[in-house]
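# Analysis of the macromolecular model
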Amino acid sequence: MELFNLKDHNEQVSFSQAVLKGIGKDQGLFFPDHITPIDNIDELLDMPLVERSQKVLRHLIGNDELPELETIVADAFSFKAPIVKADENIYALELFHGPTLAFKDFGARFMARVLGAIRQDNHLTILTATSGDTGAAVAAAFYEQKGIDVVILYPKGKISELQEKLIATLGKNIRAVTVNGIFDECQDLVKTAFDDQEFKKTVGLNSANSINISRLLAQVCYYFEAVSQLPKEKRDSVVFSVPCGNFGNITAGLIAKSLGLKCRFVISCNANDTIPRYLTTGNYEPHKTVATLSNAMDISRPNNWPRVEALVKMQGWSLKDFDFGSMSDADTEKTMQALYKKTGYVLEPHAAIAYQLLSDNLKEGETGIFLGTAHPAKFKADVDRILGIDVALPKALQDTVALESKAHNMDPDYNTLKDYVLTEEGLK
Ligand SMILES: *Cc1c(COP(=O)(O)O)cnc(C)c1O
């Protein structure tokens, strides 16, 4: 697979190089400059998830790299992604049946195994700051991966108990660090570390964040999985509604469309509506990020947007082809209550936005699928309050919550962090 820096076409890398580097010069994202369609889509749709995903990813990555791909896919995609009827002509694609109950498990598990295969004898350190879901998925995905250490920073007392337990109870190669400060200070520590060339080289730094191309490619597979579960006569008129934050998930959907999956998309946002306003006015004017119930979408400068624009241009599509919208917290709550009353389907806030904007934009004869990006139990306090129910936590997570946190605490100071990492990894 050939990928190019979207800011400088002269920087060309292979898939493995893109995974190891994460981002290119001038913070440019890596992306292919063409995508060859797959010609036997119908045949593909009749295959089981793992076999089909092996074919899709092999097609994208090519035959010259990653001989371990087939094994990696079988190992990473070990849980189901069912579509569940939520309303008339509308299905939820439930992406939350993995170990941390979030769709981020797909990308993180694939990336962890790809890095494991391509690092050769090099030791790697994944350093990441999290305000929640990503950290949990990364921790679970990299747990006990040989030769890879993980350091996850998060603001002390500012993430949910469940998220903290998912990150901080594993131990071994997963180091949780609570920082006495806010999320931005955690983020700044990570940035400083990546600017420290000597440290970067010594520990083999990598970020595992959502701009890594391996995470996106893994996510392409579940769009095929969703359509494969529909009866044949419904497969040609599918509309996906994607709850968007950094726009990684929808980029993956657009790659699936480029490969030949017949579908169109609804861009669903909360009050952080930079893209819906941009699509309306043509002006890209991010506002200050505001906190909402759907907090994984509280992003006003979505870092994958340049990839969406690149794809639209490459495929000769138009931004006008997207349906889109944004929703307030008050309307999110009303939607959750209305659907629960109508069909009994339990939405958490992210899925609620995707469901409602899908329902508003679905045309006669189309079949709608919205992406359920997190299990309602992950937002238990809000879901219970809004719906007046008591959402049960799956058994495996109940056990995790009962475990003792092994987090290390520190002040937001770069030298303290550096010392800690070097000492823990026996490099000092
Ligand atoms: C990360 C996340 C999103 C946003 O996905 P992007 O790929 O960043 O657009 C939506 N919902 C949930 C629950 C998430 O964790």
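Worth saying up front: this structure is predicted, and the values here are computed from it rather than measured.

## Observations regarding the side chain of Ser300
Note that Ser300 resides in the loop between helix 12 (274–281) and helix 13 (305–314). Given the relative accessible area of 7%, Ser300 is considered buried. Within the structure, the side chain of Ser300 is placed 2.7 Å from the side chain of Thr289, a separation counted as a polar contact. Excluding anything up to four places from it in sequence, Ser300 contacts Thr274, Pro286, His287, Lys288 and Thr289.

## Regarding the sheet that holds strand 10 (residues 238–243)
Reading across from one edge, 4-5-13-10-11-12 is the order of the 6 strands in this open sheet, with mixed pairing throughout. Two strands lie at the open edges of the sheet, namely strand 4 (83–87) and strand 12 (323–326), each paired on one side alone. Across the sheet, the axes of successive neighbouring strands diverge by a mean angle of 25°, strand direction being ignored. Where strand 10 meets strand 11 (residues 263–269), 6 bridges bridge the pair, whose relative direction is parallel. Directly across from Val239, in strand 11, lies its bridge partner Arg264. In the packing of helix 10 (residues 213–228) onto the sheet, the strands contacted are strand 4, strand 5 (90–94), strand 10, strand 11 and strand 13 (367–372), and the crossing angle to strand 10 comes to about 135°.

## Quick notes on the nonpolar core
Ranked by size, the top nonpolar core spans 130 residues in total, and within it Phe15, Phe142, Phe240 and Phe370 carry the most contacts. Top contributing element to this core by residue count: helix 10, with 11 residues. Val203, Leu205, Tyr414 and Leu422 belong to the second largest nonpolar core, which has 19 residues in total.

## Quick look at the site of the ligand
The full set close to the ligand counts 15 residues, and Lys104, Gly245, Asn246, Phe247 and Thr373 are the nearest of them. The backbone of Gly248 places a nitrogen or oxygen atom 3.2 Å from an oxygen atom of the ligand. Asn249 has a polar backbone atom sitting 2.9 Å from an oxygen atom of the ligand. The protein chains hide 96% of the 380 Å² of surface that the ligand would expose on its own. Split into classes, the residues belonging to the shell around the ligand amount to 7 nonpolar, 6 polar and 2 charged.

## Some details on the environment of Leu29
Here Leu29 lies in the loop between helix 1 (15–21) and strand 3 (30–31). Owing to a relative accessible area of 6%, Leu29 belongs among the buried residues under this scheme. Residues Leu29 and Glu88, 59 residues apart in the sequence, show an inter-C-alpha distance of 39 Å. With residues near it in sequence (within four places) discarded, Leu29 still touches Phe4, Asn5, Leu6, Ile23, Ile211, Asn303, Asn304, Pro306 and Arg307.

## A look at the UniProt feature "domain: Tryptophan synthase beta chain-like PALP" (unreviewed entry) in the chain
Residues annotated by UniProt as "domain: Tryptophan synthase beta chain-like PALP" (unreviewed entry) correspond here to residues 88–365. For residues 88–365, helix accounts for 45% and strand for 16%, while the C-alpha atoms at its two ends are 11 Å apart.

## Structural notes on the environment of Asn304
Along the chain, Asn304 falls in the loop between helix 12 and helix 13. Looking at Asn304, the relative accessible area reads 0%, which means it is buried. As a C-alpha pair, Asn304 and Phe247 span 57 residues in sequence and 5.2 Å in three-dimensional space. The contacts of Asn304, once residues within four sequence positions are left out, are Leu29, Ser210, Ile211, Leu216, Asn246, Phe247, Gly248 and Thr251. Here the side chain of Asn304 touches Arg307 through a polar contact of 2.8 Å, side chain to side chain.

Scoring rules and cut-offs
- Residues numbered from 1 in each chain as written.
- Predicted model: local features only at pLDDT ≥ 70, side-chain atom pairs only at ≥ 80, totals over all residues.
- Heavy atoms only, no water.
- Helix = DSSP H or I, 4+ residues; strand = E, 2+ residues; numbered from the N terminus.
- Buried < 20%, exposed > 50% of the residue type's maximum accessible area, 1.4 Å probe, protein only.
- Polar contact = N/O pair within 3.5 Å; in protein donor to acceptor, adjacent residues only side chain to side chain.
- Contact = heavy atoms within 4.5 Å.
- Pairing = 2+ DSSP bridges.
- Axes fitted to C-alpha atoms, helices over the stretch in contact; angles between N-to-C directions.
- Core = buried A, V, L, I, M, F, W, Y, C linked by side-chain atoms within 4.5 Å.
- Near = heavy atom within 4 Å.
- Areas by Shrake-Rupley, 256 points an atom, 1.4 Å probe, with all protein chains shown as cover.
- Nonpolar A, V, L, I, M, F, W, Y, C, P; charged D, E, K, R; others polar.
- UniProt positions renumbered as here; feature names shortened; annotations may be inferred.

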